[in-house]
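A structural walkthrough
Each chain is listed here by its residues.
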Amino acid sequence: MKKWLFIFLTTVFFCSFFGFKVFSQETLNIKGSVHDTKNEAIIGASVTVEGTNIGVVSDINGNFMLSAPSESILKVTYIGYKPFTEKISRAKTFYNIVL
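This section reports on the structure supplied with the text.

Reading guide: rules and limits
- Here the residue numbers are simple positions, counted from 1 along each chain's written sequence.
- Under the rules for a predicted model, residues below a pLDDT of 70 receive no local features and side-chain atom pairs below 80 are neither given nor counted, while totals for whole chains, interfaces and linings still include all residues.
- Values reported for side chains reflect all heavy atoms of the structure, with hydrogen atoms and water molecules removed beforehand.
- Burial classes follow relative accessibility: with a 1.4 Å probe on protein chains only, a residue under 20% of its type's maximum area counts as buried, one over 50% as exposed, and anything between as partly exposed.
- Per the convention used, a helix needs a DSSP run of H or I reaching at least four residues, while a strand needs a run of E reaching at least two, with both numbered from the N terminus.
- Two strands qualify as a pair provided that DSSP identifies no fewer than 2 bridges between them.
- Residues belong to one nonpolar core when they are buried, are Ala, Val, Leu, Ile, Met, Phe, Trp, Tyr or Cys, and are joined through side-chain atoms within 4.5 Å.
- We call two residues contacting when some pair of their heavy atoms lies within 4.5 Å.
- In this tally, Lys and Arg are treated as positive and Asp and Glu as negative; His is ignored, and so are the chain termini.
- Each salt bridge in this description consists of a side-chain nitrogen of Lys or Arg and a carboxyl oxygen of Asp or Glu lying within 4 Å of one another.
- Nitrogen and oxygen atoms within 3.5 Å of one another constitute a polar contact, given that in protein one can donate a hydrogen and the other can accept it, and given that sequence-neighbouring residues count only through two side-chain atoms.
- Lines fitted to the C-alpha atoms define the axes, with helices restricted to the stretch that makes contact. Angles between their N-to-C directions range from 0 to 180 degrees.

Quick look at the pairing of strand E5 (residues 73–77) now. Only one face of E5 is covered, namely the face carrying Leu74 and Val76; the face carrying Ile73, Lys75 and Thr77 is uncovered. Pairing of strand E2 (residues 46–49) with E5, which is carried by four bridges, proceeds in the antiparallel orientation. Residue pairing for E5: valine 49 is matched across the bridge by leucine 74. The sheet contact formed by E5 and strand E6 (residues 84–87) spans four bridges and is antiparallel. In the sheet register, valine 76 faces E6, and the bridge partner there is phenylalanine 84. Hairpin connection of E5 to E6: six residues between the antiparallel strands, including glycine 80 at a positive phi of 90°.

Printed below as a string of structure tokens:
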């Protein structure tokens, strides 16, 4: 019994000391724009994070903004265009997407 209590308290101590960053993902604010090959804005493109219910549509200028977990996959789709996917990283907060 004492052994299990010691293991439990040690685990609680280390988790509280080092935080739960190991178990959680950082949320990043992502901005970007969606254009075609002629550099014209694509209005209403679907911008989603794969595997989640996070998503927005691009505005009249092709711009979008959303919050997404780091290391997740950003997916942009629009009717008649090939889908675009890219891994989200902390190093990049603005995505210039050409469909």
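Having put the structure on the table, let's press on.
Among soluble globular proteins, nonpolar side chains are generally buried collectively. Counting 17 residues, the largest nonpolar core has Ile30, Val34, Phe64, Val76 and Ile97 as its most contacted members. Once residues within four sequence positions are removed from consideration, isoleucine 97 is found in contact with Ser33, Val34, His35, Phe64, Leu74, Val76 and Phe84.

This paragraph deals with the side chain of aspartate 36. Structurally, aspartate 36 can be placed in the loop between strand E1 (27–35) and E2. Summary of buried charges: aspartate 36 has no salt-bridge partner, and the nearest side chain of opposite charge, lysine 38, is 6.1 Å away. Within polar-contact distance, the side chain of aspartate 36 engages the backbone nitrogen of glutamate 40 at 2.8 Å. When neighbours within four sequence positions are excluded, aspartate 36 is seen to be in contact with Ile42, Tyr81, Val98 and Leu99.

This paragraph deals with the sheet that holds E5. What the four strands build is an open sheet, ordered E3-E2-E5-E6; its pairing is antiparallel. Edge strands, defined here as strands with exactly one partner in the open sheet, are strand E3 (55–57) and E6. Averaged over all pairs of adjacent strands, the angle between strand axes in this sheet comes to 15°, irrespective of strand direction.

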